[in-house]
Amino acid sequence: MDYVQPSDLQNEAVKAASRKVSLSVRDLLIRSFLAGGLLAYATSLVFIVLSQNIAPIVGAILFPVGFVILVLLGLELATGNFAILPAGWAAGEVTLPATFRNLAWVYLGNLAGSLFYGVLFYLAVTNCGTTNSGAIGELIKTAAQKKTIGYMALGLRGWETAFIKGILCNWMVTLGAVLAMASRSTFGKVVAMWLPIMTFFAHGYEHSIVNMFLIPTGMLFGGQVSLRQWWLWNQIPVTLGNLVSGALLTGLALYVTNSPKKAATLEIPLAAEEPACVTVAKPAEAD
């Protein structure tokens, strides 16, 4: 059958965690660099759609192409690993040091890939800085300022809002990472992944890897955002929110409910056997 049962899906997630932590640093960086660039590619596609005055829902429908491509290629995305690796740890197949090693290198690679594509996208849109960025640049610049200065204006409540939107975002994104294993066919995998990714993007929640492209590229297009504002008011709270929902609401939650249950056994201690008593009848006395 094409459909993979939840219990079998959980086993696949644990196996995936084991494979991920066994990768070399070189492979982690290459795969995460490509993943960051591909997700940035999909994000820029959305803004191209929006710049043509097309309904925003169309952008949400198209955005999952980047996630689907990187998952089918076996690339490394930190936000997806926020769920897969904790499941492997809960199963005893992955250690905490190995988990942190993977997440650190993958996060760095995602950042490098996002920035790389962002620079190339800026140069392409502005003809290497010789022309105006037009509607696309204005939209990205506005979005970058909204995601940083907009939260900063709210103070602590803005930081909390970014954190909560990070939780709500990665709840869906990690479901997409897990649902990629819910089918054995490529078509089934694509459809299963598409649904939660489209859902999160349509809501406008916060994804830390998407923002690695969006905010610095908005800065290139003239957004009045500093590095400190980017990290303090968006990247840090959003990453923490992504981590919380990925680990708790997807990785560990699904592991607990789908892991094999041990049958309860009731042991009744038996008393030590006592030697059998043999009664010997006395012979009758003669009168």
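All of these numbers come straight from a predicted model, not from anything done at the bench.

Draft legend 1. Broad picture of the packing of aromatic side chains. Considering all chains together, one arrives at 12 aromatic pairs under this definition. On the basis of an interplanar angle of 45° and a centroid distance of 5.4 Å, the ring pair of Phe-33 and Phe-116 is categorised as tilted. One end of the pair, Phe-33, is in helix H2 (residues 25-50); the other, Phe-116, is in helix H6 (residues 96-125), with 83 residues separating them in the sequence. Assessed through its relative accessible area of 29%, Phe-33 is described here as partly exposed. Its relative accessible area of 46% is what places Phe-116 among the partly exposed residues. Ring centres of Tyr-117 and Phe-213 lie 5.6 Å apart, and the angle between their planes is 50°; on these two criteria the pair is classed as tilted. With Tyr-117 in helix H6 and Phe-213 in helix H11 (residues 208-220), the pair connects residues that are 96 residues apart, well separated along the chain.

Draft legend 2. Representation of helix H1 (residues 6-21) in the model. Given a rise of 1.5 Å per residue, 16 residues ought to cover 22 Å, and the 23 Å separating the end C-alpha atoms of H1 matches this to within 8%. Buried within H1 are the following residues: Leu-9, Gln-10, Ala-13, Val-14, Ala-16, Ala-17, Lys-20 and Val-21. In an axial view of H1, the angular spread of the buried residues amounts to 160°, which keeps them on one side of the axis. In the core, the buried residues of H1 are packed alongside H2, helix H5 (78-90), H6, helix H9 (156-179) and helix H12 (227-258).

Draft legend 3. Fine view of empty space enclosed by the protein. Using the criterion set out here, one finds 1 cavity of 30 Å³ or more in the structure. Estimates place the volume of the largest cavity at around 50 Å³. Forming the boundary of the largest cavity are Leu-9, Gln-10, Ala-13, Ala-83, Ile-84, Ala-87, Val-178, Thr-250, Gly-251 and Leu-254. Those elements that place two or more of their residues in the lining of the largest cavity are H1, H5 and H12. Its residues assigned to classes, the lining of the largest cavity shows 7 nonpolar, 3 polar and no charged.

Draft legend 4. Just a nonpolar patch on the surface, in detail. A contiguous nonpolar surface patch, about 410 Å² in accessible area, is contributed by Phe-116, Val-119, Leu-120, Leu-123 and Leu-220. It is H6 that provides the largest number of residues to the nonpolar patch, a total of 4 residues. By the secondary structure assignment, Leu-220 is in helix H11. Judged by its relative accessible area of 39%, Leu-220 is partly exposed.

Draft legend 5. Seen up close, the packing of H9 against H12. Axis separation between H9 and H12 bottoms out at 6 Å; the angle between their running directions is 40°. One element, H9, and the other, H12, form an angle in the oblique class. The hand of the H9/H12 crossing is right-handed. Looking at the contact of H9 with H12, its residues break down into 17 nonpolar, 8 polar and no charged.

Analysis parameters
Residues numbered from 1 in each chain as written. Predicted model: local features only at pLDDT ≥ 70, side-chain atom pairs only at ≥ 80, totals over all residues. Heavy atoms only, no water. Phe/Tyr/Trp six-rings, centres within 6.5 Å; stacked < 30°, edge-to-face > 60°. Helix = DSSP H or I, 4+ residues; strand = E, 2+ residues; numbered from the N terminus. Buried < 20%, exposed > 50% of the residue type's maximum accessible area, 1.4 Å probe, protein only. Expected span 1.5 Å × (residues − 1). Arc of directions from axis to C-beta. Contact = heavy atoms within 4.5 Å. 1 Å grid on protein atoms, 1.4 Å probe; cavity = no way out; pocket = protein on both sides within 12 Å on 5 of 7 lines; lining within 4 Å. Points joined across faces, edges and corners; volume = space filled by probe spheres on them. Nonpolar A, V, L, I, M, F, W, Y, C, P; charged D, E, K, R; others polar. Patch = residues over 30% accessible without salt bridge, like charges linked within 9 Å, V, L, I, M, F, W, Y side chains within 5 Å. Areas by Shrake-Rupley, 256 points an atom, 1.4 Å probe, with all protein chains shown as cover. Salt bridge = Lys/Arg side-chain N within 4 Å of Asp/Glu carboxyl O. Axes fitted to C-alpha atoms, helices over the stretch in contact; angles between N-to-C directions. Parallel < 35°, antiparallel > 145°, perpendicular 65-115°, else oblique. Left-handed = near helix turned anticlockwise from the far one by under 90°.

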